[in-house]
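Structural overview
Here is how the chains run, residue by residue.
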Amino acid sequence: MPSFDLYKKLYGGKTQGQIRKIDSDLIMTATWDEDINSKIGYFYSQEYDDQFDVENDLHPEQSETKIPIEVKFFEVEYNSLSKDEVGQHIMFKPQFNYKDTIPYYEDLFARLSSALFPDGLYVDLPDSEGIYHRWLCVGQYRRYANQFPTYIVLPCNFKARWIHNNKKFESWGVLRSQSSYNSGIWTDYILSSPENQKILWLPFNKWSSTIFYDQRMAISQDRETPVVWSCSKVEDKNVNGIARYTWKQDKWNEHNDYKEYDDDGNLVGIWCDFFKENIPPEKPDEPTTSIYSIITYSGNNANVRINGSYKKLTVKFYDDEGEIECRVGSWKFTVNDADVSALIETVTPTEDESLSSNQIKIKFTGDDSYIGKNLVVSYISENDIESSVTLNLLGL
């Protein structure tokens with residue numbers, strides 16, 4: 001039976017509700033790896049998709065830009081022939097801030113569209129045979145859950161292709177049927193338009209933001225006369241991180257639209273309004289090279305025992321091509337935004353030859369009042385490239 005002193009170290013100053021929450025998190029973490037729903041998902045945005053041209057059978061473990069994160073993958077609905085392919089839920093490991101592992105999320109999503117992590121990101125998830133497929137994070141199912149929030153993911157089943165300002169754009173998205181929306185197209189007794197609609201979900205970014213009303217897109221197989229659709233509704237405000245577009249049926253224009261084939265006669269893409277300006281469209285500008293860093297830790301969890309053993313941290317830098325040389329910088333340690341560097345014992349590469357130049361060992365030497373709090377470790381390089389990781393402070 002644990003002593004009263006040990007109990008105070010673990011739960012001192014906590015309410016009964018807080019204690020039960022801590023215990024639930026510890027149980028969930030301890031049983032995580034044995035759960036059949038436990039998976040490794042690879043998260044990324046379109047800017048960092050180095051397997052963009054692959055439709056199925058992805059190999060994210062070979063990627064240099066996709067970031068692995070432990071998740072649980074739940075099947076909450078079952079598919080049927082009468083409806084679209086259903087979405088599923090994912091859940092992150094408790095007591096870990098996974099947002100810190102994707103340093104560009106704040107700039108690409110949170111500031112641009114007030115999105116909440118991980119909305120707008122792609123995630124590669126394995127099926128029952130271990131084959132990875134591309135999914136899109138579209139919303140938080142239990143955003144205000146006190147314990148274990150889950151997030152909705154939809155399977156990407158369509159690569160959208162369109163032309164804007166004489167440039168070709170592509171983006172992976174989720175195409176679904178829509179029957180509850182009236183496109184508002186005027187109809188009389190002489191003329192009428194088809195009332196079938198599709199809805200397309202895309203991450204809200206600099207590519208998808210070029211789609212607007214009356215944008216035409218081919219949503220069709222390789223047939224003599226492809227089926228064309230026109231955008232009739234744009235929603236990008238209430239669905240943070242995601243842009244939703246409703247499409248009504250349109251007609252193929254053989255003078256402006258174009259089916260593109262490769263040298264072997266295989267269909268590459270169908271482009272609407274390809275010849276509208278009598279000038280072949282260009283590819284969009286390549287994204288500018290960006291540099292970011294990621295901090296990882298040793299061990300199977302993010303726990304640090306107060307006055308316990310050392311925890312090894314590693315910082316790595318990346319650009320659009322993959323890992324690059326580590327930048328010179330400094331480490332920073334905070335708890336509740338307060339500097340606690342004085343409570344950190346460090347071992348540097350000059351003191352331990354087994355450490356690389358981008359590694360450090362740390363030990364937290366504070367008192368028991370820090371139990372249950374989060375230690376945020378940051379690395380700031382010379383060019384103000386900053387990354388951080390959150391560690392959980394526990395008693396011995």
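Once a new chain begins, its residue numbering starts again from 1 and follows that chain's sequence as written. Owing to the predicted nature of the model, reporting of local features is limited to residues with pLDDT of at least 70; listing and counting of side-chain atom pairs is limited to 80 or more, with chain, interface and lining totals taken over all residues. Think of the side-chain values as coming from all heavy atoms in the structure, minus any hydrogens and water.

**Considerations on the overall build of the chain**
What counts, and what does not: Under the DSSP-based scheme used, a helix requires at least four consecutive residues in state H or I and a strand at least two consecutive residues in state E, with every element numbered from the N terminus. Throughout this description, buried means an accessible area under 20% of the type-specific maximum (1.4 Å probe, protein chains only), exposed means over 50%, and partly exposed covers the range between.
Looking only at helices and strands, one finds 3 helices and 24 strands in the chain. Looking at the 396 residues of the chain, the share that counts as buried comes to 44%.

**Considering the confidence of the model for the chain**
Test applied: pLDDT measures how confident the predictor is about each residue, on a scale from 0 to 100. Two residues form a contact once any of their heavy atoms are found within 4.5 Å.
Confidence in the prediction for the chain averages 81 pLDDT; 79% of positions are at 70 or higher. The least confident element of the chain is helix α1 (residues 4–11), whose mean pLDDT is 58; the most confident is strand β4 (residues 122–126), at 95. Overall, residues 180–194 carries pLDDT values under 50, and its contacts beyond four positions in sequence, including any with other chains, amount to 14 contacts.

**A few points about the packing of aromatic side chains**
To keep things clear, this is the line we draw: Between rings of Phe, Tyr and Trp, where Trp is taken as its six-membered ring, a pair exists when centres lie within 6.5 Å; planes separated by under 30 degrees are stacked, by over 60 edge-to-face, and by other angles tilted.
In this structure the tally under the stated criterion is 20 aromatic pairs. Seen from their ring centres, Y48 and Y292 are 5.3 Å apart, and the 80° between their planes marks the pair as edge-to-face. Separated by 244 residues along the polypeptide, Y48 in the loop between β1 (38–44) and β2 (67–74) and Y292 in strand β15 (residues 292–297) bring together distant segments of the chain. Accessibility assignment for this pair places Y48 and Y292 in one class, buried.

**Section: the pattern of salt bridges**
Inclusion rule: We define a salt bridge as a side-chain nitrogen of Lys or Arg found within 4 Å of a carboxyl oxygen belonging to Asp or Glu.
One pass over the structure, following the stated rule, counts 12 salt bridges. For R134, the salt bridge is made with D49, and the minimal N-O distance between the two is 3.4 Å. Within this pair, whereas R134 is found in strand β5 (residues 132–140), its partner D49 is found in the loop between β1 and β2, the two being separated by 85 residues in sequence. Take R134: its relative accessible area is 3%, and that puts it in the buried class. Between K93 and E70 there is a salt bridge, and its shortest N-O distance comes to 3.4 Å. With K93 in the loop between β3 (88–92) and α3 (105–113) and E70 in strand β2, this pair connects stretches of sequence that are 23 residues apart. The class of K93 is buried, set by a relative accessible area of 11%. Ionic contacts of the salt-bridge type, sharing partners, join the residues D49, K66, D124 and R134 into one network.

**Focus on the nonpolar core**
What counts, and what does not: Grouping buried Ala, Val, Leu, Ile, Met, Phe, Trp, Tyr and Cys residues that are joined through side-chain atoms within 4.5 Å yields what is termed a nonpolar core.
Residues F43, I90, F92 and I102 are the most contacted members of the largest nonpolar core, which totals 38 residues. Among all residues touching F92, those that are not within four sequence positions of it are W32, F43, I69, E70, V71, Y98, F117, P118 and Y151. Within the second largest apolar cluster, 23 residues are counted, among which are I295, A302, V315 and I371.

**Observations regarding the sheet that holds strand β6 (residues 151–155)**
Our working definition: Paired strands, in this sense, are two strands between which DSSP finds at least two bridges. Orientation is described by axes fitted as lines to C-alpha atoms, over the contacting stretch for helices, and by angles from 0 to 180 degrees between their N-to-C directions.
The antiparallel closed barrel is built from 6 strands, whose spatial order is β1-β2-β3-β6-β5-β4. Pairs of neighbouring strands in the sheet enclose a mean axial angle of 45°, with direction left out of account. Bridging between β1 and β4 involves 3 bridges; their strand directions are antiparallel. Residue pairing across strands places Y44 opposite Y122, the latter belonging to β4.

**With respect to the environment of F158**
Note on placement: F158 falls in strand β7 (residues 158–164). Looking at F158, the relative accessible area reads 13%, which means it is buried. If we skip the residues at most four places from it in the chain, F158 touches S171, W172, G173, L175, L200, M217, A218 and I219.

**Some remarks on the pairing of strand β14 (residues 267–271)**
Relative to β14, strand β13 (residues 258–261) runs antiparallel, the two being bridged by 4 bridges. Bridge pairing in β14 links K259 to I270. Taking the residues between adjacent antiparallel strands as the criterion, β13 and β14 are bridged by 5 residues, where G265 takes a positive phi near 85°.

**Notes on the sheet that holds strand β24 (residues 386–394)**
The sheet built from 5 strands is open, its strands ordered β16-β24-β23-β19-β20 with mixed pairing. Every other strand in the sheet has two partners, leaving β16 (303–305) and β20 (338–339) as the edge strands with one partner each. Strand direction decides the pairing type here: strand β19 (residues 329–335) and β20, joined by 2 bridges, are antiparallel. Paired with V335 across the two strands is A338, which belongs to β20.

**A few points about the pairing of β19**
Pairing of β19 with strand β23 (residues 374–381) involves 6 bridges; the strand directions are antiparallel. If you follow T334 over to β23, its bridge partner there is V376. Hairpin connection between β19 and β20: a loop of 2 residues separates the two successive antiparallel strands, and N336 in this loop has a positive phi of roughly 55°.

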